[in-house]
Amino acid sequence: MKRSLAWFAGTIVVTWLLVLVPELTVGQNAPNLADSDQLVEVEELTQQAQELYNQGQFAAALEAFEEALLVVREFPVSAMKRQQEGDILYKMGESYNQLSQYRQAAESYEQALSIYQELNSWQKQGNSLNWLGLIYEQLGEYKRSLDSYEEALAINQELGNHHEAMLILNNRALLYNQIGQYEESLASLLQAWEILQDNVKLAVEAVISHNLGDVYTYLNQESEARKFYGRALGISRVTGNRRQEAITLSNIGLLYSQQQQYPQALDFLQASRKIEQELGNRQSEGISIYSIAGIYLNQGKYKQALELLEQSLAISREQDDPVWVARIIERMGLTLLKSGKLSAATEKLLTAIEVWESLSPGLSDQERVSLFDKRAQTYGYLQQALLAQNEIEAALEISERGRARALAELLAQRLSNVPEGQVGIKPTTIEEIKQIASQQQATLVEYSVIEDTLLIWVVKPSGEVFVEKVNLPPLKISLENLVTSARKAIGVRGRGSIAAVARGNSGSTSDLEQLYQVLISPIAQFLPTNPEERVIFIPHQQLFLVPFPALVDSSGKYLIEKHTILTAPAIQVLQLISSPVEDLHSGENKAVPMKKIFTTMHESPSLRVSASPRPRVSFQSELTPNPSQEGDWRQEVLVVGNPTMPSVGIPPQQLSPLPGAEVEAYAIAQLLQTSALIGNQATETVVKQKMNSARIIHLATHGLLDDFGYGIPGAIALTPSAEDDGLLSAGEIFEMQLNAELVVLSACDTGQGTITGDGVIGLSRSFLAAGVPNLIVSLWSVPDAPTAQLMQEFYLNWQLSGDKAQALRQAMLTTRKQYPDPKDWGAFTLIGVL
């Protein structure tokens with residue numbers, strides 16, 4: 001059985017090591033469970049079934065296995081009877097799989113697994129779980145597939161079965177490919193390759209070599225891909241494995257396609273298709289046809305491409321494969337779009353999106369991120385199709401539907417207090433989008449980068465919707481490179497460090513001006529003229545790294561001078577994080593609302609904060625504890641500065657101290673009428689404990705971008721202790737349930753992470769997932785002294801106005817007077833709501 005992966009030019013086809021799963025011989029050493037006639041009948045039926053299976057007559061084999069199962073179930077109850085029953089069910093699963101009846105195959109393997117568990121038959125449990133991993137993946141049930149592989153791997157490693165562990169590592173790698181986690185796939189395959197070197201078998205080497213070629217192709221390491229593909233092709237021809245030869249020929253063709261060498265690509269793909277036809281492998285033939293159609297699409301031969309895609313679709317529906325049906329329909333939609341058949345393209349692309357979204361329930365957050373990131377282009381194509389038909393509002397709905405979907409589903413799940421992955425969300429409608437703009441009293445600006453086009457949506461609080469289209473090819477460099485160049489030109493350094501990191505010409509703003517012309521000028525007419533009115537930017541792809549406050553127009557005026565700026569990963573996320581804290585955690589909110597923590601000595605109606613569905617922090621010009629509140633309100637504020645730094649890296653090196661962060665923390669703690677945790681006081685254990693009840697959290701320390709074992713990059717440096725390592729990772733934060741109204745990460749790079757179709761995967765996303773509605777994070781390594789001043793100014797201004805966004809704007813403007821270089825004041829951004 002084989003599986004495959006899709007990319008724009010065609011399909012990467014990969015093979016599973018199913019044929020290498022240890023065989024079970026039914027009836028071998030059969031006990032004396034029944035009379036001799038029954039035993040003879042079972043032996044004859046199972047032998048007949050196995051012969052039919054070996055001949056490729058899978059339907060007839062299945063009938064014989066089913067008949068044998070009925071006879072066995074008449075035997076007296078015994079452990080040996082149950083074992084024989086399990087073995088027959090196992091073989092039935094193989095037969096169903098060969099017939100592409102995957103649901104029935106899963107049921108057979110599940111029944112066999114249950115029996116093997118009952119009998120403590122560990123090796124057969126491992127084999128069944130390996131098969132279930134393959135079958136669940138075929139059904140698009142990726143979480144169950146990965147769980148099955150992990151359990152099978154653990155069993156075989158415990159038993160010391162290195163060969164079987166190698167097969168499972170291979171299969172798990174291909175599942176990682178399926179959901180776009182290519183680095184994990186490569187790591188798993190290299191583990192399998194290492195085991196293979198101890199006991200080389202040509203058939204196994206050919207398969208693993210081929211799969212390494214696949215993943216190196218995905219990682220754009222073409223020389224490594226060619227090396228392993230060539231190795232696999234040579235072995236398959238020497239051993240006469242024509243199926244393996246066909247698969248490798250296909251992928252070599254697709255490698256040529258990726259390099260735009262289309263004639264060579266077609267030669268290899270046609271050769272592959274011919275072998276599949278001769279072997280009678282319908283599923284593989286359909287995939288080959290799909291790949292050839294991709295070449296014609298890239299050549300602009302749309303009619304030929306559509307004809308082939310119709311053939312491929314018929315085969316995939318015949319095989320009952322929803323994943324491939326969605327892929328083919330997606331490519332049909334793209335072909336129709338490029339050929340100008342817009343209405344038909346819209347229908348196909350929307351159908352494909354609905355199928356992809358149906359695969360999400362049951363996946364973990366990380367798996368959902370990978371799934372949506374891999375299919376993000378489909379949402380972009382549909383936006384193009386709708387805009388070409390002047391369906392502006394419908395196109396905006398699709399733009400919003402395709403971003404931060406995994407985060408939105410996670411927030412919805414936590415709102416509903418159900419297990420992860422079990423809650424879906426309805427797409428946000430245009431009326432809801434307009435309502436969110438009105439509720440937030442903000443102009444929403446949403447970007448969509450689609451190949452060589454930038455779409456910029458503007459939704460005003462009044463409900464007006466505008467869109468501007470920017471063609472990117474006229475730029476001298478790509479948009480991604482322009483963003484990178486602008487960041488380098490600013491010249492930044494690590495907090496508290498002496499040497500500059502990636503420093504360009506200090507004070508240079510030419511790239512920031514060019515970014516302004518691309519991102520802001522096309523929509524400037526739609527933005528508010530009052531600088532105190534909010535503008536919420538919803539970036540896309542590399543635009544998450546853009547310092548919007550520091551963008552500068554042709555007259556030298558910075559964007560922060562014109563507007564009050566916030567950012568968000570998606571409009572729907574704004575709606576979800578606006579929900580009350582008690583709703584977010586589906587339980588009674590034990591923390592006292594901040595408006596009860598502080599009272600004013602001289603209240604002024606002009607300084608009141610407008611009503612909000614969340615309990616909100618409300619500062620006034622003079623604050624005093626509320627004597628009527630039980631307990632110490634200061635426990636609701638957590639300020640950390642310059643902890644005794646942990647050691648990181650190999651060999652471990654202690655992070656440098658941050659004396660400026662210590663000064664900052666003392667000053668802010670005084671403003672908030674609390675005590676700061678400094679040095680040895682700020683252990684990870686103590687800070688985590690206090691975070692659970694805090695309503696304001698301010699962390700002035702180092703921020704790190706590495707992944708510390710949770711699959712989510714990022715960590716906050718704290719003081720290590722006997723109970724912890726001093727690294728509060730993004731993965732740990734992700735699992736927390738916080739009641740904070742505001743978290744300020746006054747540290748380096750805390751707004752960065754891995755950029756996906758779900759936004760930035762890192763510290764900021766983890767805090768949002770933990771229930772925090774407002775975050776201040778940094779987009780680069782921040783200088784120490786200006787950061788301390790900016791943060792103090794922020795809290796002073798928040799104290800005066802009660803408006804976090806306006807307070808950050810005023811803090812930036814004030815800090816800029818003393819530190820005019822944008823690297824010193826432009827790093828921070830407010831992610832949040834009104």
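Here the residue index of a chain counts from 1 through its sequence in written order. Totals for whole chains, interfaces and linings use all residues, but because this is a predicted model, local features are given only for residues with pLDDT of at least 70 and pairs of side-chain atoms are given and counted only at 80 or more. Only heavy atoms go into the side-chain values, all of them from the structure, while hydrogens and water stay out.

Structural notes on the overall build of the protein
To qualify as a helix, a DSSP run of H or I must reach at least 4 residues; to qualify as a strand, a run of E must reach at least 2; elements of each kind are numbered from the N terminus. Each helix and strand counted, the protein has 34 helices and 24 strands in total. Considering only contacts within the protein whose residues lie at least 6 apart along the sequence, 70% involve residues at least 24 apart. Residues count as neighbours in contact if any of their non-hydrogen atoms are within 4.5 Å of one another.

Concerning helix H21 (residues 430-440)
All of the buried residues along H21 are Ile430, Ile433, Lys434, Ile436, Ala437 and Gln440. Within H21, the buried residues cover an arc of 155° as seen down the axis, which keeps them to one side. The inward-facing, buried residues of H21 abut helix H19 (392-401), strand E3 (442-450), strand E4 (453-459), strand E5 (465-471), strand E8 (534-538) and helix H25 (571-577). Directly after H21, the chain includes glutamine 441, whose backbone phi takes a positive value near 50°. The cut-offs for exposure are 20% and 50% of the maximum accessible area for each residue type, with area from a 1.4 Å probe on protein chains only; residues under the lower value are buried, those over the upper are exposed, and the others partly exposed. What the arc measures is the spread of directions leading from the helix axis to the C-beta atoms.

Remarks on helix H9 (residues 202-218)
In this model H9 runs 25 Å from its N-terminal to its C-terminal C-alpha over 17 residues, within 8% of the 24 Å that 1.5 Å per residue would give. Counting buried positions along H9 gives 15 out of 17 residues, so the element sits mostly inside the fold. Asparagine 220 sits one or two residues past H9 and shows a positive phi near 60°. Given the number of residues in a helix, its expected span is that number minus one, multiplied by 1.5 Å.

Observations regarding unusual backbone geometry
Most peptide bonds take the trans configuration, and most residues that are not glycine carry a negative phi. At glutamate 451, a residue that is not glycine, the phi angle is positive and equals roughly 55°. Position of glutamate 451 relative to the elements: it lies in the loop between E3 and E4. Look at asparagine 642: it is not a glycine, yet its phi comes out positive at around 45°. Topologically, asparagine 642 is positioned in strand E12 (residues 637-643).

Structural notes on the nonpolar core
Counting residues in each nonpolar core, the largest one holds 248 residues, and the members touching the most others are Tyr447, Leu454, Leu519, Leu551 and Phe794. At 10 residues, the largest contribution of residues to this core is made by helix H15 (residues 322-338). Here, the term nonpolar core denotes a set of buried Ala, Val, Leu, Ile, Met, Phe, Trp, Tyr and Cys residues that are joined through side-chain atoms within 4.5 Å. Core analysis: the second largest hydrophobic core is formed by 9 residues, Ala700, Leu704, Ala715 and Leu727 among them.

Points about the side chain of asparagine 161
Among the structural elements, asparagine 161 can be located in the loop between helix H6 (142-159) and helix H7 (162-178). Given the relative accessible area of 19%, asparagine 161 is considered buried. The contacts of asparagine 161, once residues within four sequence positions are left out, are Gln123 and Asn156.

Concerning the packing of aromatic side chains
Aromatic pairs are defined between Phe, Tyr and Trp rings, using the six-membered ring for Trp, whenever the two ring centres lie within 6.5 Å; interplanar angles under 30 degrees are classed as stacked, those over 60 as edge-to-face, and all others as tilted. The final tally for this structure, using the stated rule, is 16 aromatic pairs. Here phenylalanine 537 and phenylalanine 548 contribute two aromatic rings whose centre-to-centre distance is 4.3 Å and whose plane-to-plane angle is 10°, an arrangement assigned as stacked. Taken together, the positions of phenylalanine 537 in strand E8 and phenylalanine 548 in the loop between E8 and helix H24 (559-562) put the pair 11 residues apart, joining distant regions of the chain. This pair shows no difference in class: phenylalanine 537 is buried, exactly as phenylalanine 548 is. Aromatic rings pair up to connect Tyr90, Tyr109 and Trp131 into one cluster. For arginine 327, the ring lying beneath its charged end belongs to tryptophan 324, and the centroid distance is 5.0 Å. By definition, being over a ring means that NZ of Lys or CZ of Arg is both within 6 Å of the ring centre and within 35 degrees of the ring normal.

Considering the pairing of E5
A pair of strands is treated as paired once DSSP finds two or more bridges between them. Taken together, the 7 bridges between E4 and E5 define a ladder with antiparallel strand orientation. Of the residues in E5, the one forming a bridge with valine 459 is valine 465. Taking the residues that link successive antiparallel strands as the turn, the E4-E5 hairpin has 5 residues, and the phi of glycine 463 there is positive, at about 100°.

Details of the packing of H7 against helix H8 (residues 182-196)
Under this scheme, a helix contributes an axis fitted over its contacting stretch, all axes are lines through C-alpha atoms, and angles between N-to-C directions fall in the 0 to 180 degree range. Interaxial distance between H7 and H8 falls to 8 Å at its minimum, and their mutual angle equals 160°. As the angle between them shows, H7 and H8 are arranged roughly antiparallel. The handedness of the crossing between H7 and H8 is left-handed. Contact with H7, carried on its side by His162, Met166, Leu169, Asn170, Arg172, Ala173, Tyr176 and Asn177, involves Tyr182, Glu184, Ser185, Ser188, Leu189, Gln191, Ala192, Ile195 and Leu196 of H8 and no other residues of that element. Side-chain classes follow a simple rule in which Ala, Val, Leu, Ile, Met, Phe, Trp, Tyr, Cys and Pro form the nonpolar group, Asp, Glu, Lys and Arg form the charged group, and the remainder, Gly included, forms the polar group. Across the contact of H7 with H8, the residue classes tally to 9 nonpolar, 6 polar and 2 charged. Every angle not falling under 35 degrees, over 145, or within 65 to 115 is termed oblique; those three ranges are roughly parallel, roughly antiparallel and roughly perpendicular. Here is the rule for handedness: rotate from the far helix to the near one, and if that takes an anticlockwise turn smaller than a right angle the crossing is left-handed, while a clockwise turn gives right-handed.

Concerning the pattern of salt bridges
Any Lys or Arg side-chain nitrogen located within 4 Å of an Asp or Glu carboxyl oxygen qualifies as a salt bridge. Tallied over the full model, the rule gives 23 salt bridges. As a salt-bridge pair, glutamate 85 and arginine 82 come within 3.2 Å of each other at their nearest N and O atoms. Linking glutamate 85 with arginine 82, this pair stays in helix H3 (residues 79-98), spanning 3 residues, or about one helical turn. Close ionic contact of glutamate 285 with arginine 282 constitutes a salt bridge, the shortest N to O distance being 3.7 Å. Of the two residues, glutamate 285 and arginine 282 are both situated in helix H13 (residues 282-298); the distance of 3 residues between them amounts to about one turn of the helix. With relative accessibility at 34%, the residue arginine 282 sits in the partly exposed group.

Quick word on the packing of helix H22 (residues 479-490) against helix H23 (residues 510-519)
In contact at an axis separation of 8 Å, H22 and H23 are set at 145° when each is read in the N-to-C sense. The handedness of the crossing between H22 and H23 is left-handed. Contacts from Leu479, Leu482, Val483, Ser485, Ala486, Ala489 and Ile490 in H22 reach Asp511, Leu512, Gln514, Leu515 and Val518 in H23. Here the residues of the contact of H22 with H23 are counted per class, giving 9 nonpolar, 2 polar and 1 charged.

Thoughts on the confidence of the model for the protein
pLDDT: the predictor's confidence for each residue, scored from 0 to 100. With 83% of its residues at a pLDDT of 70 or more, the protein shows a mean pLDDT of 81. Looking over the protein, one finds the lowest element-wise mean pLDDT in strand E7 (residues 500-501), namely 29, and the highest in H24, namely 96. Confidence over residues 1-22 falls short of pLDDT 50; this stretch has 128 contacts with residues more than four positions distant or in other chains. Ignoring residues within four places in sequence, the model shows residues 581-633, a span with pLDDT below 50, making 108 contacts including any to other chains.

A few points about the pairing of strand E23 (residues 775-778)
Judged by which residues are buried, E23 turns out to be covered on both faces: Leu775 and Val777 on one side and Ile776 and Ser778 on the other are all buried. Relative to E23, strand E20 (residues 742-746) is paired through 2 bridges, and the arrangement is parallel. The residue of E23 that forms the bridge with valine 744 is isoleucine 776. The sheet contact formed by E23 and strand E24 (residues 828-831) spans 4 bridges and is antiparallel. Bridged to leucine 775 within E24 is isoleucine 831.

Side note on a negative patch on the surface
Patch membership needs two things, relative accessible area over 30% and no salt bridge, and members are linked within 9 Å if like-charged or within 5 Å if nonpolar (Val, Leu, Ile, Met, Phe, Trp, Tyr). Each accessible area value is a Shrake-Rupley result obtained with a 1.4 Å probe; residue values ignore everything except the protein chains displayed when judging cover. Under the counting rule used here, the positive set is Lys and Arg, the negative set is Asp and Glu, and His together with the chain ends is not counted. We put the charge of a Lys on NZ, of an Arg on CZ, of an Asp on CG and of a Glu on CD. A cluster of like negative charges, contributed by Glu41, Glu43, Glu44, Glu63, Glu66, Glu67 and Glu74, occupies part of the molecular surface. Here glutamate 41 lies in helix H1 (residues 36-54). For glutamate 41, a relative accessible area of 33% corresponds to the partly exposed category.

Quick look at the environment of glutamate 151
Residue placement: glutamate 151 occurs in helix H6. Every residue in contact with glutamate 151, bar those within four places of it in the chain, is listed here: Gln117 and Leu129.

Description of the environment of glutamine 435
Examined against the element boundaries, glutamine 435 turns out to sit in helix H21. Through-space distance from the C-alpha of glutamine 435 to that of serine 462 is 9.1 Å; in sequence the pair is 27 residues apart.

A look at the environment of leucine 169
One can find leucine 169 in helix H7. In contact with leucine 169, not counting residues within four places along its chain, are Leu153, Ser188, Gln191, Ala192 and Ile195.

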